[in-house]
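What follows is each chain in one-letter form.
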Amino acid sequence: MAPKRRKVKLPDWVGEDYDDRNKLADKDMLAVGEEDKKVPMNSNSKRDTGKEMGSDSCIHATASTSSYSASHKIPKRRCMAGTSTSQVTGDQPLSSSEIIALSMPFLQFSGSLIYSYNSGDCSLLCEDILTTIPVDDYLHVGFDLEWPVTFAAGSTCKVALVQICTVEDKCYLFHIAAMGDFPLALKTLISHQNVIKYGINIEADFWKLERDFDFRVKDVIQKSVKDLSAIANKKLKSSERWTLEGLCRNVLRKRLDKNSSVRCGQWDEYPLSEEQKQYAAADAYASLLLAKRLLKL
């Protein structure tokens, strides 16, 4: 006897956008069985990509703009595990949790993006950030690193980019690979015990900084580095191994675009493309938003 079929019950926050896309799907209704909660999808998702841009100045500040257009069709299955949302080829069934995740909007940084690729200008920017630390208080920042991916066994590339989001409308991208060496002023900034750095797997990021550069990080990790995964498990009473994308979906109800062509791109090449800048800024921005949201729970 065939299992009884029922409609998928989605939460109220999914909203009208999901309903509109459902109406344009090939099937009149998305349904799942009691034993087989899978829904076939047939159409492709779309995303606008940024163009590479250069600059004659050492600091490039821009107002971030949206780089994604809304799709009018339900996309094919994306890998939801880990940090990848790369598209899977062929028509694959979607679980109800994946349908809910795909209905969420992308998290995008729309504030001032400051791109620095010169040691002198980097020093001035870092000194300026240090002046914003409140007296007898802390400056909470979102933090992340990027470096090129290598598939050679036993080898790894040096950190190429440091991202720091100090407030919700300002993000700094320090392109270390273009500077030739790790600036002393940047070391001072990220070592400051009153600058609290938040990120996913952030301790591993700091240990990589020590391996790549002459930079001792043990005291920094103990005094001013906070892992969002540990904070989330404590606040949410869970024991998950969170990814940044997973936390965004569960806490912010938004998703990060983890386009593998950008994530695994050449982060050591100057200048960074606009798409790389948006990707990098979104990660640091997400870390800052998550820290603020979780600490309020």
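Source: prediction; values computed, not measured. In this convention, every chain numbers its residues from 1, walking through the sequence in written order. Where local features are concerned, this predicted model is filtered to residues with pLDDT of at least 70; where side-chain atom pairs are given and counted, the filter is 80 or more; whole-chain, interface and lining totals use all residues. The side-chain values count all of the structure's non-hydrogen atoms but skip hydrogen atoms and water molecules.

What follows covers the overall build of the protein chain. Numbering of helices and strands runs from the N terminus, with a helix taken as a DSSP run of H or I at least four residues long and a strand as a DSSP run of E at least two residues long. Per the secondary structure count, the protein chain includes 11 helices and 11 strands. Throughout, a residue-residue contact means that at least one pair of heavy atoms, one from each residue, lies within 4.5 Å. Relative to all contacts within the protein chain whose residues are 6 or more apart in sequence, the contacts with residues 24 or more apart total 71%. About 15,700 Å² of surface is accessible on the protein chain, with carbon and sulfur atoms providing 49% of the total. Residue-level accessible areas treat just the shown protein chains as cover; the underlying method is Shrake-Rupley with a 1.4 Å probe.

Only rings of Phe, Tyr and Trp enter the pairing, Trp through its six-membered ring, and a pair is recorded when the two centres are within 6.5 Å. The plane angle decides the type: under 30 degrees is stacked, over 60 is edge-to-face, the rest tilted. Applying the stated criterion to the full structure yields eight aromatic pairs. Arranged with centres 5.3 Å apart and planes meeting at 70°, the rings of F109 and Y285 form a pair that is edge-to-face. With a gap of 176 residues between them, F109 in the loop between α2 (96-102) and β6 (112-116) and Y285 in helix α11 (residues 274-295) connect regions that are remote in the sequence. The buried category is assigned to Y285, whose relative accessible area is 13%. Categorising residues by exposure relies on relative accessible area from a 1.4 Å probe, with only protein chains included: less than 20% of the type maximum marks a residue as buried, more than 50% marks it as exposed, and the intermediate range marks it as partly exposed.

Let's shift gears to the environment of T166. Looking at the element boundaries, T166 is found in strand β8 (residues 161-167). For T166, a relative accessible area of 10% puts it in the buried group. Remark: the alpha-carbon pair of T166 and Y285, spanning 119 residues in sequence, is separated by 8.6 Å. Dropping the residues within four chain positions of it, T166 is found in contact with I129, L139, H140, V141, Y172 and L288.

Given a helix with a known number of residues, its expected span is that number minus one, times 1.5 Å. Spanning 12 residues, helix α3 (residues 119-130) covers 16 Å between terminal C-alpha atoms, matching the ideal 16 Å at 1.5 Å per step. At the N-terminal boundary of α3, the capping side chain belongs to N118, with an oxygen 2.8 Å from the backbone nitrogen of G120. Between N or O atoms, a polar contact is any pair within 3.5 Å; within protein, one atom must be a potential hydrogen donor and the other a potential acceptor, and residues adjacent in sequence are included only when both atoms are from side chains.

So, about the nonpolar core. Residues L107, L228, L247, W267 and L290 are the most contacted members of the largest nonpolar core, which totals 38 residues. For this core, the secondary-structure elements that each account for two or more residues are β6, β8, β9 (170-175), β10 (195-199), α8 (228-236), α9 (244-252) and α11. No other element matches α11, which puts 12 residues into this core. In this structure, L107 is in contact with C248, L252, K254, R255, L256, A282, Y285, A286 and L289, ignoring residues within four places of it in sequence. What we call a nonpolar core is a set of buried Ala, Val, Leu, Ile, Met, Phe, Trp, Tyr and Cys residues that are connected through their side-chain atoms within 4.5 Å.

Once that is clear, we can look at the pattern of salt bridges. Between Lys or Arg on one side and Asp or Glu on the other, a salt bridge is scored when a side-chain nitrogen of the former is within 4 Å of a carboxyl oxygen of the latter. Summed over the entire model, instances satisfying the criterion amount to four salt bridges. Here E245 makes a salt bridge to R249, at a shortest N to O gap of 3.4 Å. Placement of the pair is E245 and R249 together in helix α9, with a separation of four residues, close to one helical turn. Among the residues examined, E245 registers a relative accessible area of 1% and is labelled buried. For R249, a relative accessible area of 14% translates into the label buried. In this structure, D283 engages K258 in a salt bridge whose closest nitrogen and oxygen atoms are separated by 3.0 Å. You can see D283 sitting in helix α11 and its partner K258 sitting in the loop between α9 and α10 (260-263), a full 25 residues away along the chain. What makes D283 buried here is its relative accessible area of 4%.

Cis geometry marks the peptide bond from Y270 to P271, where omega comes out at -5°. On the secondary structure map, P271 appears in the loop between α10 and α11. Even without a glycine there, the phi angle at N201 is positive, about 55°. Structurally, N201 can be placed in the loop between β10 and α6 (202-212). In this structure, K237 is a non-glycine residue whose phi angle is positive, near 55°. Looking at where K237 falls in the secondary structure, it is placed in the loop between α8 and α9.

Before going further, it helps to examine the packing of α9 against α11. Lines are fitted to the C-alpha atoms to define the axes, a helix being fitted only along its stretch in contact, and any angle between axes, read from their N-to-C directions, falls within 0 to 180 degrees. Relative to each other, α9 and α11 sit at 45°, their axes nearing to 10 Å. Classed by the angle they form, the pair α9 and α11 counts as oblique. Two packed elements cross with a definite hand, and for α9 against α11 that hand is left-handed. Across from L244, L247, C248, V251 and L252 in α9, the residues of α11 making contact are D283, A286, S287, L289, L290, R293 and L294. When residue character is reported, Ala, Val, Leu, Ile, Met, Phe, Trp, Tyr, Cys and Pro are called nonpolar, Asp, Glu, Lys and Arg charged, and the others, Gly included, polar. Each residue belonging to the contact of α9 with α11 can be placed in one class, and the counts come to nine nonpolar, one polar and two charged. The scheme is simple: roughly parallel for angles under 35 degrees, roughly antiparallel for over 145, roughly perpendicular for 65 to 115, oblique for anything else. Note on convention: the crossing is left-handed when the near helix lies turned anticlockwise from the far helix by less than a right angle, right-handed when the turn is clockwise.

Attention shifts here to the packing of α8 against α11. Interaxial distance between α8 and α11 falls to 10 Å at its minimum, and their mutual angle equals 25°. Taken together, the axis directions place α8 and α11 in an arrangement best described as roughly parallel. Relative to α11, α8 is oriented so that their crossing is left-handed. Residues L228, I231, A232 and K235 of α8 pack against S287, L290, A291, L294 and L295 of α11.

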